[in-house]
Amino acid sequence: MEIKSYFVYVKTPLSPHFVHKSWADSLNSEDIKLFLNPTLQYESAKNFIKNFKELKNEKALLIVESLYALPFVYFVKRTLKDRLITVSIIADTTFYPPKFNIIRKMYFELFKLKHTIDYFIAVSKTIKSWIIDSGFQEDQVFVNHPFSILETKKVEIKNKEINKSVSFIGN
């Protein structure tokens with residue numbers, strides 16, 4: 001069974017982040033560019049589902065750059081269920097406790113975040129702990145440190161000689 005990957009992001013002046021886009025491209029992911037409006041995301045989801053159902057014996061991997069794309073992911077996951085694996089790239093402060101307010105909680109509840117996103121990739125143990133504190137299991141959250149923490153030395157960073165064999169997600 002083949003798994004087809006898609007890179008899902010909401011088109012804004014800052015999206016997609018070039019690092020996330022490069023990583024998704026390295027996985028031969030097809031881009032799904034969305035509008036911020038949930039109604040337009042619903043329309044995009046209907047088209048995606050229609051096209052995907054034509055493919056036989058295939059699963060999909062959605063690499064979700066931002067939870068602003070959650071409405072799209074929710075509508076697709078609701079229909080495709082076990083044929084869909086969703087991974088959210090959390091390299092920011094989405095779950096930062098002081099900003100995790102009632103509006104975010106309502107948004108996440110409305111689009112069933114806990115049932116919609118299967119896994120998270122975070123750039124720090126701190127962000128991982130915030131996600132776990134929000135009700136996710138530890139085995140759903142993976143930490144992939146930025147390269148400067150992993151395998152480079154201060155001299156390499158100063159000289160901008162980066163070890164190209166290191167994979168990372170984040171800024």
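Our subject in this report is the structure included herewith. Just so it is clear, the model here is predicted, and its values are computed rather than measured.

1. Focus: the nonpolar core
Ranked by size, the top nonpolar core spans 37 residues in total, and within it F48, L62, F72, V76, F95 and I131 carry the most contacts. Secondary-structure elements contributing two or more residues to this core are β1 (2-10), β2 (30-34), α2 (38-53), β3 (58-64), α3 (70-80), β4 (84-90), β5 (119-122) and α6 (125-133). With seven residues, α3 is the largest single contributor of residues to this core. The next biggest cluster of nonpolar side chains, apart from the first, holds eight residues, and it includes L61, I63, I89 and I121.

2. Details of the environment of D25
Position of D25 relative to the elements: it lies in helix α1 (residues 18-26). When its relative accessible area of 36% is taken as the criterion, D25 is described as partly exposed. Spatially, the C-alpha atom of D25 lies 9.7 Å from that of S5, the residues being 20 residues apart in sequence.

3. Observations concerning the pattern of salt bridges
In this structure the tally under the stated criterion is six salt bridges. With a shortest N-O distance of 3.7 Å, E30 and K4 are connected by a salt bridge. Highlighted residues: E30 in strand β2 and K4 in strand β1, separated in sequence by 26 residues. On the accessibility criterion, K4 (23% relative accessible area) is partly exposed.

4. Considerations on α2
A rise of 1.5 Å per residue sets the reference length of α2, with its 16 residues, at 22 Å; its end C-alpha atoms lie 22 Å apart and thus fit the reference within 8%. Within α2, the full set of buried residues consists of Q41, A45, F48, I49 and F52. Down the axis of α2, the smallest arc covering the buried residues is 100°, so these residues share one side. Across α2 from its buried face, at more than 90 degrees, point the exposed residues T39 and K50.

5. Things to note about the pairing of β5
Here four bridges tie β4 to β5, and the two strands are oriented parallel to one another. Residue pairing for β5: V87 is matched across the bridge by Y119. In this sheet, strand β6 (residues 141-143) lies alongside β5 in parallel orientation, the contact comprising three bridges. Counted as the bridge partner of I121 is F142 from β6. In this fold, β5 hands off to α6, which returns the chain to β6; that crossover is right-handed.

About the criteria used
- Residues numbered from 1 in each chain as written.
- Predicted model: local features only at pLDDT ≥ 70, side-chain atom pairs only at ≥ 80, totals over all residues.
- Heavy atoms only, no water.
- Core = buried A, V, L, I, M, F, W, Y, C linked by side-chain atoms within 4.5 Å.
- Buried < 20%, exposed > 50% of the residue type's maximum accessible area, 1.4 Å probe, protein only.
- Helix = DSSP H or I, 4+ residues; strand = E, 2+ residues; numbered from the N terminus.
- Salt bridge = Lys/Arg side-chain N within 4 Å of Asp/Glu carboxyl O.
- Expected span 1.5 Å × (residues − 1).
- Arc of directions from axis to C-beta.
- Pairing = 2+ DSSP bridges.
- Right-handed = clockwise from strand over helix to strand, strands pointing away.

Function cannot be read off these values alone, since they describe shape.
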